[in-house]
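The residues making up each chain are set out below.
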Amino acid sequence: MKIATIQFSPVFGNSEKNIEKLKPFLEKAKEADLIVLPELANSGYNFKNKNEVFELSEEPENSAFVGFLTGFCKQNNSAIVTGFNERDRSKIYNSALLIDKTGIIGKYRKIHLFMNEKEYFEPGNLMPRPFELNGAKIGMLVCFDWMFPEIYRTLALQGTDIICQPSNLVLPGKAQQAIPVHAMINRVFIVLANRTGTEQNLTFTGNSLIAGPDGEIIAQASASEEEVLIAGVDISLSKNKMITPKNHAFNDRRPELYY
Ligand code: ACM
């Protein structure tokens, strides 16, 4: 299976411009079966206030951004995970959508909100779970979820093979250090799709990466360039949870003794 991540700097507040901006990157990534885009790829990140977030949010069912990505998947027989500023009636969520040629086939709403996001978004209300894609189980997390090992375990215990993590990281290097470790201790693949660029006082840290079940970094982007990473992965490796002939990553746990 081929996975790609598009590291780019979304245009703040302009979903249509982001469609245009993504076209050449998607063209480069089109050989991939699964392409992962950054957090809030339709709207940008650094909002003035909750009203602005609301104005820039979109209902997935009526979003030209989602329509465009679905059209791309149809044409190229691929799937995309994108970060999405999601409106659901009066509520707004910092979401990730799994899209294929039929439209949205999976959704996750960011559970662990970062800094001002707590004033703008509702915390996620959907249990993290994997979605089936051509025999692979695809899970989604968003950015600051990287601090919470429980959520990786929750996806891994449900048989997730690949965790896609749209991000807008600002704390230099920390998630990039943690994510290969989450991949290793759960024996899964993790795609960290970070962004670049600056919005007012925030600079995003790039260094998107694809990590494998041994904790290895299979591919990594630069800190500040917009670029596409593509890597072939063998998902049978994420189904093998043996650490040694006598140690199993999940069966050796002793949950009766800890939280
Ligand atoms: C973040 O969660 N966007 C840092």
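Look up: the structure comes first, before these words.
Within each chain, residues carry numbers counting from 1 in the order of the written sequence. Per-residue local features are limited, in this predicted model, to residues with pLDDT of at least 70; the limit for side-chain atom pairs, both in listing and counting, is 80 or more; totals at the level of whole chains, interfaces and linings are taken over all residues. Note that water and hydrogens are dropped before the side-chain values are worked out from all heavy atoms of the structure.

Draft legend 1. Local environment of the packing of helix 5 (residues 149-157) against helix 6 (residues 174-186). All axes are obtained by fitting lines to C-alpha atoms, using only the stretch in contact for helices, and the reported angles, taken between N-to-C directions, cover 0 to 180 degrees. What counts as a helix is a DSSP run of H or I of at least four residues, what counts as a strand is a run of E of at least two, and both are numbered from the N terminus. Running from N to C, helix 5 and helix 6 point in directions that differ by 40°, and their axes come no closer than 10 Å. Taken together, the axes of helix 5 and helix 6 are oblique relative to one another. Considering the relative orientation of helix 5 and helix 6, their crossing is right-handed. Taken together, the residues of helix 6 that come into contact with helix 5 (itself represented by P149, Y152, R153 and A156) are I179, H182, I185 and N186. In the contact of helix 5 with helix 6, the residues fall into 5 nonpolar, 2 polar and 1 charged. The labels follow the angle: roughly parallel below 35 degrees, roughly antiparallel above 145, roughly perpendicular from 65 to 115, and oblique for the rest. Crossings are sorted by hand: turned counterclockwise from the far helix by less than a right angle, the near helix makes the crossing left-handed, and turned clockwise it makes it right-handed. In what follows, residue pairs with any heavy atoms lying within 4.5 Å of each other are defined as contacts. Charged means Asp, Glu, Lys or Arg here, nonpolar means Ala, Val, Leu, Ile, Met, Phe, Trp, Tyr, Cys or Pro, and polar covers whatever is left, Gly included.

Draft legend 2. Expanded view of the packing of helix 1 (residues 15-29) against helix 3 (residues 64-76). Packing of helix 1 against helix 3 brings their axes to within 10 Å, and their N-to-C directions diverge by 20°. In terms of axis orientation, helix 1 runs roughly parallel to helix 3. The hand of the helix 1/helix 3 crossing is right-handed. The residues of helix 3 that touch helix 1, namely those facing S15, N18, I19, L22, K23, L26 and E27, are A64, F65, F68, L69 and F72. The class makeup of the residues in the contact of helix 1 with helix 3 is 8 nonpolar, 2 polar and 2 charged.

Draft legend 3. Structural context of helix 3. In this analysis, the expected span of each helix is defined as 1.5 Å times one less than the number of residues it contains. The end-to-end C-alpha distance of helix 3, which contains 13 residues, comes to 18 Å, matching closely the 18 Å that a straight helix rising 1.5 Å per residue would cover. Here helix 3 has its buried residues at F65, V66, L69, T70, F72 and C73. Summarising the axial view, the buried residues of helix 3 lie within an arc of 155°, below the 170-degree limit, and thus occupy one face. Residues of helix 3 that are exposed and point over 90 degrees away from its buried face: A64, K74 and Q75. In this structure, the buried side of helix 3 is in contact with helix 1, strand 2 (34-36), strand 3 (79-88), strand 4 (91-100) and strand 5 (103-109). The backbone nitrogen of F65 has a side-chain oxygen 3.1 Å away, supplied by the residue at the start of helix 3, namely S63. Type-normalised accessible area, obtained with a 1.4 Å probe on protein chains alone, sets the label of each residue: buried when under 20%, exposed when over 50%, and partly exposed for intermediate values. Regarding the arc, it is the one traced by the directions from the helix axis to the C-beta atoms. Whenever two N or O atoms come within 3.5 Å, that pair is a polar contact, provided that in protein one can donate a hydrogen and the other can accept it, and provided that, for residues adjacent in sequence, both atoms are side-chain atoms.

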